[in-house]
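# Notes for the structure review
For reference, the chains in residue letters:
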There are 14 protein chains.
Amino acid sequence: MDSMTLIAMVSIVIAGLTTGFGTMAPALGEGRSVAAALSSLAQQPDAAATITRTLFVGLAMIESTAIYCFVVSMILIFANPFWNYAIAQAAGR
Amino acid sequence: MDSMTLIAMVSIVIAGLTTGFGTMAPALGEGRSVAAALSSLAQQPDAAATITRTLFVGLAMIESTAIYCFVVSMILIFANPFWNYAIAQAAGR
Amino acid sequence: MDSMTLIAMVSIVIAGLTTGFGTMAPALGEGRSVAAALSSLAQQPDAAATITRTLFVGLAMIESTAIYCFVVSMILIFANPFWNYAIAQAAGR
Amino acid sequence: MDSMTLIAMVSIVIAGLTTGFGTMAPALGEGRSVAAALSSLAQQPDAAATITRTLFVGLAMIESTAIYCFVVSMILIFANPFWNYAIAQAAGR
Amino acid sequence: MDSMTLIAMVSIVIAGLTTGFGTMAPALGEGRSVAAALSSLAQQPDAAATITRTLFVGLAMIESTAIYCFVVSMILIFANPFWNYAIAQAAGR
Amino acid sequence: MDSMTLIAMVSIVIAGLTTGFGTMAPALGEGRSVAAALSSLAQQPDAAATITRTLFVGLAMIESTAIYCFVVSMILIFANPFWNYAIAQAAGR
Amino acid sequence: MDSMTLIAMVSIVIAGLTTGFGTMAPALGEGRSVAAALSSLAQQPDAAATITRTLFVGLAMIESTAIYCFVVSMILIFANPFWNYAIAQAAGR
Amino acid sequence: MDSMTLIAMVSIVIAGLTTGFGTMAPALGEGRSVAAALSSLAQQPDAAATITRTLFVGLAMIESTAIYCFVVSMILIFANPFWNYAIAQAAGR
Amino acid sequence: MDSMTLIAMVSIVIAGLTTGFGTMAPALGEGRSVAAALSSLAQQPDAAATITRTLFVGLAMIESTAIYCFVVSMILIFANPFWNYAIAQAAGR
Amino acid sequence: MDSMTLIAMVSIVIAGLTTGFGTMAPALGEGRSVAAALSSLAQQPDAAATITRTLFVGLAMIESTAIYCFVVSMILIFANPFWNYAIAQAAGR
Amino acid sequence: MDSMTLIAMVSIVIAGLTTGFGTMAPALGEGRSVAAALSSLAQQPDAAATITRTLFVGLAMIESTAIYCFVVSMILIFANPFWNYAIAQAAGR
Amino acid sequence: MDSMTLIAMVSIVIAGLTTGFGTMAPALGEGRSVAAALSSLAQQPDAAATITRTLFVGLAMIESTAIYCFVVSMILIFANPFWNYAIAQAAGR
Amino acid sequence: MDSMTLIAMVSIVIAGLTTGFGTMAPALGEGRSVAAALSSLAQQPDAAATITRTLFVGLAMIESTAIYCFVVSMILIFANPFWNYAIAQAAGR
Amino acid sequence: MDSMTLIAMVSIVIAGLTTGFGTMAPALGEGRSVAAALSSLAQQPDAAATITRTLFVGLAMIESTAIYCFVVSMILIFANPFWNYAIAQAAGR
């Protein structure tokens, strides 16, 4: 059962790190975007519609990189092909 | 019981690190957003309604990355499929 | 008792690190927010009510990330499922 | 089965790290671009059409580097030639 | 007595590090807040009452994160459940 | 089969790292270029044609460094001369 | 006597590091506060009373985080419960 | 075959790292140059010819450092004298 | 004599590091304060008395954190309770 | 053949790192110079001749440090005295 | 003589590091102070007496932290109580 | 022949690192100088003679530090006294 | 002779590092001071006498920290008490 | 001959690192000084004599720290007392 334990451990570690570190940059990038949006609103309140629309499109694109990380994490925890192969090997052994 | 201990240890470590480090960037990003909101309010008090609404939408999106991390932590502590498999193995052994 | 010691050690380490490092960013973010609030108050004293209300909402959201970390620390010290399982194993052995 | 375990572990680790770290810079770069777009909109609302069009072209190019990383991750998880070779070796052994 | 020594060592290390590093960010954040307060006072002496009140509320919230760290340190030194369990085990052995 | 496993592992690791880290700087550089382009458009809308043309030439040159990295990754995964030599050795052995 | 030596070593190390690193941030924060106070005094000499009073309150709060660290150091050197327990064990053995 | 494996591994690692890290700085430098070119175009549209000509010469010189790295990588993968010597030794052995 | 050597080595190391690193931040903080004081003097020569008085109070508080570190170093070299205990043990053995 | 393998490995590693890292700073420095040249051209188009001449002299001097690194790399790969000595030893053995 | 060698080595290492790193911050802080003094002199030549007097007092306080480090180094090289104890032990053995 | 291999390896490593890292700072410093020269030329075209003369003298002094590094590298590769001694020892053995 | 070799190695290492790293900060601090002096001279040529005198005093104080490091290096190479003791021991053995 | 090899290796390593890293800061500091000199010349061409004289004095002082490092390197390579002692020991053995 040693090799299964190793795969499980590695999957846990990487699932956590990928989400933990991979969401850092999106959070910072979104913070910067929101801050810029707020300054822009204060500077030009009449363009509020364009600004908020552009902001939401931008946030969606930035959030997409966080979601890539979350997806990889979820694949590693719940749909890990290496783990499935190992279970199949262990069951067939 | 060695492999269970390893999985438990790794789960504890990663649960803590994912939350501990993964909430850093959201906190910084939210701090930046709030600071920008306050400066904007001081600069254009008349646009307070638009500014605070945009701020809250932005904070919610930034907070979502922190919540991804917290969710992964909680999954690793309370709904860890590798741990469940190991318990099942140990019970059936 | 070796595996229990390991789990205890890891729980102590991660509980401390999660709180110690996870509260860094909120403290910095709150410092930035408070600084911005004070500058805004000096710039536009008439908007004090809006500014302080927005500040407190923002501080609450930033503080929430620190509280996630503190909660994970407390779970690891006082309600650790892996530790409880190990105690149950040790008691039943 | 040792060499298969090693390849599986390495593939998991690198798949996670490549996505986790490789999406950092795109998120930051997109955050910067969006922030610049919002400031530009506030400064020159009449050029909104040109600005948003340039922004979307730029975001697409930046996002492409994140997609390179995601593609490498997916290749390593689902279409890894080294893993396939190892499975073929194990099956034929 | 080996496992007790390990738990004691880890508790000492983490108690020190949690306080030593966890108080860094609050100190920096408070320094920033105080600096902003002083600049604001110089800029708008008439709003001194509002500024100092907001400053003290902000300092209290920032200090709270330092106190979380100090509390975890004190729990690890004086009310450590893992250490208590180990003493109970050693006494009952 | 040990030396083949090592070469496979190293190829996987380096393929991931080269893409993961090598695309960081292009993403940041492109983000900076796009941000500058947007500011320039806001400042001088009449020069939109020259600005976007220069931007696209610049993005292409920056993207080329990301493509060098991606090419090296693909060579290491799908056309690795050391791996081919090792397979030939293993087949002929 | 081995376990006592280890506890002594760890206590010495952490006592030094906690004070050595934990006083860094307060020193920087106080430096920033004092610098801001001096600039404010130069800008608005008439508000000297308010500025210095606020400065001293702020310095006291920042210094408190340095004192937490110093207190933990002193506890670890002169009132270390783990060391006392170990001495009691050694004496009673 | 051990020494050949080592040389192969080291060549793969260094080929990847040299390209992966060596293209970072050119990408950043080119991003900076392009950004400066765009700002200059916005500021002085009449000098577009001189600016773009100087930009392209500069980009070529910066790109040359990326190409040094790519050349070293290609030499290590496809024309490595140490690998050739080792193959000759292995063939003649 | 092995455990005494270890305690001596650790005490030397930590005494040096605590002073060496713990005096960094005070030196930087004092440098900042002095720089601010000089700028303030140049800006408002008439407030020289208030400025220098505030500067000296501030320098004293910053210096206090350096002195905490120096005190801990001196305690570890000349009044180390763990070393004294070890000498007593060695003498009584 | 062990010592030859070691020398070969070390030569490969250092050849790659010297070029990979040694070209970083020239690329950044050239990027800065080109950016400054472009800003200067925009500011003072009449001095274009002097500016571009000074730029090219400067780029040549900066490029020279990158060439030192490339030369050392090439010496280590193609004219390595230690490797030649080792081959001579191996041939004469 | 092994334990004496260890103490000697550690003393040499720490004596060098304490001076080498501990004088960094004072040098930077003094550089900053001198730079500020020179700017102030250029801005307000009439206040030269006050400025240089304040500068020298400030430099003395900053230099004091460098001197703490130098003193600890000298104590470790020429008046090291642990080394003296070890020599006494060796002589009396 | 082991000790000769070690000296050869160390000489190769250090020769590469000294040149690779030692030319970083000169490249950055020269880039800064050239950038400043270009800005100065744009600002004051009439002083071109003085500016370029001072620039070349400065570049020569900065380049001298890069040349120190290159000289040490060349000494280590082609005139290494430790290597010569080892060859003499090996020849005379 | 083993312990003498160790002391010699450590002395060489620390002598080099103390000088190599300990002269970094003085060089940076002096660079900053000289830069400030030159700016001040350009701004207020009439105060050249005061400025250069203050500059030289400041440079002397900053240089003093570099000299502390050089002195410690020279002591470790040419007047090392631990090395002398070891030679005396070796001679008397 | 083992201890001689160790001393030779350490001397080579430290000689390279001391020069390689120790010349970094002087290069940066000189770059800053030259940049400031050029800006000053552009701002105040009439003070060229004073500026260049002060620049050369400053460069000489900064260069002196680089020369300390080079001297230590040369001492370690060509006049190393520990190496001389070891040779004398080896000759007399």
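- The name that an unreviewed UniProt entry assigns to chain A is ATP synthase subunit c, with the source organism given as Marinobacterium aestuariivivens.
- The heading Sequence similarities (unreviewed entry) in the UniProt record of chain A holds the text "Belongs to the ATPase C chain family."

## What about the overall build of chain A?
- Secondary structure assignment for chain A yields 4 helices and 0 strands.
- In sequence order, the secondary structure elements of chain A are arranged as α-α-α-α.
- Here chain A has a C-alpha radius of gyration of 21 Å; the compact-globule value for 93 residues is 12 Å, and the former is much larger.
- For chain A, the spread of C-alpha atoms along the principal axes amounts to about 70 × 15 × 10 Å.
- A sequence separation of at least 24 residues applies to 80% of the contacts in chain A between residues at least 6 apart.
- About 3100 Å² of surface is accessible on chain A, with carbon and sulfur atoms providing 64% of the total.

## Quick look at the relation of the copies chain G and chain E
- With an RMSD of 0.0 Å, the fit of chain G onto chain E corresponds to turning through 26 degrees and sliding 0.0 Å along the axis.
- The two copies present different faces, since only 19% of the interface residues in chain G are matched by interface residues at the equivalent positions in chain E.

## A short note on the interface of chain G and chain E
- If you look at the interface, chain G gives 42 residues, while chain E gives 45 residues.
- With both chains or domains summed, chain G and chain E bury close to 3700 Å², and 82% of this area falls on carbon and sulfur atoms.
- Counting the surface chain G buries against chain E, the share from its top three residues, G:Tyr68, G:Phe82 and G:Tyr85, is 19%.
- Where chain G touches chain E, the interface holds 0 salt bridges.
- Across the contact surface, chain G and chain E share 5 residue pairs in polar contact (both at pLDDT 80 or more).

## Some details on the interface of chain K and chain M
- Between chain K and chain M, the residue contacts involve 44 residues of the former and 40 residues of the latter.
- Here chain K meets chain M over a buried area of about 3700 Å², counting both sides, of which 82% is carbon and sulfur.
- At the junction of chain K with chain M, the criterion picks out 0 salt bridges.
- At the level of elements, α1 (2-22), α2 (24-43), α3 (48-78) and α4 (81-92) of chain K are the ones that each hand at least two residues to the side of chain K that touches chain M.

## Details of helix α4 (residues 81-92) of chain B
- If you check α4(B), its first and last C-alpha atoms are 16 Å apart, about what 12 residues at 1.5 Å a residue would give, namely 16 Å.
- Where α4(B) is concerned, the buried positions are B:Phe82, B:Trp83, B:Tyr85 and B:Ala86. Within α4(B), the buried residues cover an arc of 160 degrees as seen down the axis, which keeps them to one side. Residues of α4(B) that are exposed and point more than 90 degrees away from the buried face comprise B:Ala91 and B:Gly92.
- Next to the buried residues of α4(B) lie α1 (2-22), α3 (48-78) and α4 (81-92) of chain A, α1 (2-22) of chain B together with α4 (81-92) of chain C.

## Structural notes on the UniProt feature "domain: V-ATPase proteolipid subunit C-like" (unreviewed entry) in chain A
- UniProt's entry tags residues 15-76 of chain A with the feature "domain: V-ATPase proteolipid subunit C-like" (unreviewed entry), counted in the numbering of this structure.
- Secondary structure over residues 15-76 of chain A splits into 92% helix and 0% strand, and the C-alpha atoms at its two ends are 6 Å apart.

## Here's the deal with the packing of aromatic side chains
- Under the counting rule described, the total for this entry stands at 56 aromatic pairs over all chains.
- Look at A:Trp83 and B:Tyr85: their rings are 5.2 Å apart centre to centre, the planes differ by 75 degrees, and that puts the pair in the edge-to-face class. Residue A:Trp83 is found in helix α4, and its partner B:Tyr85 is found in helix α4; the two belong to separate chains.
- Arranged with centres 5.9 Å apart and planes meeting at 25 degrees, the rings of E:Phe21 and G:Phe21 form a pair that is stacked. Here G:Phe21 lies in helix α1 (residues 2-22) and E:Phe21 lies in helix α1 (residues 2-22), a pairing that spans two chains.
- For G:Phe21, a relative accessible area of 24% gives the class partly exposed.

## What to know about the relation of the copies chain K and chain M
- In screw terms, the move from chain K to chain M is a rotation of 26 degrees and a rise of 0.0 Å along the axis, fitting with an RMSD of 0.0 Å.
- The overlap is low: 14% of the interface residues of chain K also sit at the interface in chain M, so different surfaces are used on the two sides.

## Some points on the packing of α1(E) against helix α2 (residues 24-43) of chain E
All names here are of chain E.
- Contact pair α1 / α2: the axes reach a minimum separation of 4 Å and the direction vectors enclose 15 degrees. On the basis of their axis angle, the class for α1 and α2 is roughly parallel. For the pair α1 and α2, contact is made by Gly20, Phe21 and Gly22 and by Met24, Ala25 and Pro26, respectively.
- Looking at side-chain class alone, the contact of α1 with α2 contains 4 nonpolar, 2 polar and no charged residues.

## Let's talk about the arrangement of the chains
- Taking C-alpha atoms only, the smallest gap left between chain B and chain G, which are not in contact, amounts to 18 Å.
- Regarding chain E and chain H, which are not in contact, the minimum distance between any of their C-alpha atoms is 31 Å.

## Description of the environment of A:Tyr85
- Expressed as a C-alpha distance, the spacing of A:Tyr85 and A:Met4, which sit 81 residues apart in the sequence, is 9.9 Å.
- Beyond its immediate sequence surroundings of up to four residues, A:Tyr85 is in contact with D:Met4, D:Trp83, D:Ile87 and D:Ala90.

## Quick look at the side chain of M:Thr19
- Topologically, M:Thr19 is positioned in helix α1 (residues 2-22).
- At 2.5 Å, the side chain of M:Thr19 forms a polar contact with the side chain of M:Ser73.
- Leaving out residues up to four positions away in the same chain, M:Thr19 has contacts with M:Cys69, M:Phe70, M:Ser73, N:Tyr68, N:Cys69 and N:Val72.

## Looking at the environment of H:Met61
- Here H:Met61 lies in helix α3 (residues 48-78).
- Given a relative accessible area of 23%, H:Met61 falls into the partly exposed group.
- The sequence separation of H:Met61 and H:Leu41 amounts to 20 residues, and the corresponding C-alpha distance is 21 Å.
- The contact partners of H:Met61, leaving out residues within four places of it in the chain, are J:Glu30, J:Leu59 and J:Glu63.

## With respect to the state of the cysteines
- Inspection of every chain in the model, using the stated rule, returns 0 disulfides over all chains.
- Unpaired in terms of disulfides, B:Cys69 finds its nearest cysteine sulfur in C:Cys69, a separation of 9.6 Å.
- A relative accessible area of 0% means that B:Cys69 is categorised as buried.

## Thoughts on the confidence of the model for chain A
- Here chain A averages 90 in pLDDT, while 98% of its residues score no lower than 70.
- Ranking the elements of chain A by mean pLDDT puts α4(A) last, at 86, and helix α2 (residues 24-43) of chain A first, at 93.

Analysis parameters
- Residues numbered from 1 in each chain as written.
- Chains lettered and ligands numbered in written order.
- Predicted model: local features only at pLDDT ≥ 70, side-chain atom pairs only at ≥ 80, totals over all residues.
- Heavy atoms only, no water.
- UniProt positions renumbered as here; feature names shortened; annotations may be inferred.
- Helix = DSSP H or I, 4+ residues; strand = E, 2+ residues; numbered from the N terminus.
- Rg over C-alpha atoms; globule rule 2.2 N^0.38 Å.
- Contact = heavy atoms within 4.5 Å.
- Areas by Shrake-Rupley, 256 points an atom, 1.4 Å probe, with all protein chains shown as cover.
- Least-squares fit on C-alpha atoms with pLDDT ≥ 70 in both.
- Buried area = accessible area lost by both parts, 1.4 Å probe.
- Salt bridge = Lys/Arg side-chain N within 4 Å of Asp/Glu carboxyl O.
- Polar contact = N/O pair within 3.5 Å; in protein donor to acceptor, adjacent residues only side chain to side chain.
- Expected span 1.5 Å × (residues − 1).
- Buried < 20%, exposed > 50% of the residue type's maximum accessible area, 1.4 Å probe, protein only.
- Arc of directions from axis to C-beta.
- Phe/Tyr/Trp six-rings, centres within 6.5 Å; stacked < 30°, edge-to-face > 60°.
- Axes fitted to C-alpha atoms, helices over the stretch in contact; angles between N-to-C directions.
- Parallel < 35°, antiparallel > 145°, perpendicular 65-115°, else oblique.
- Nonpolar A, V, L, I, M, F, W, Y, C, P; charged D, E, K, R; others polar.
- Disulfide = S-S within 2.5 Å.
- pLDDT = per-residue confidence, 0-100.

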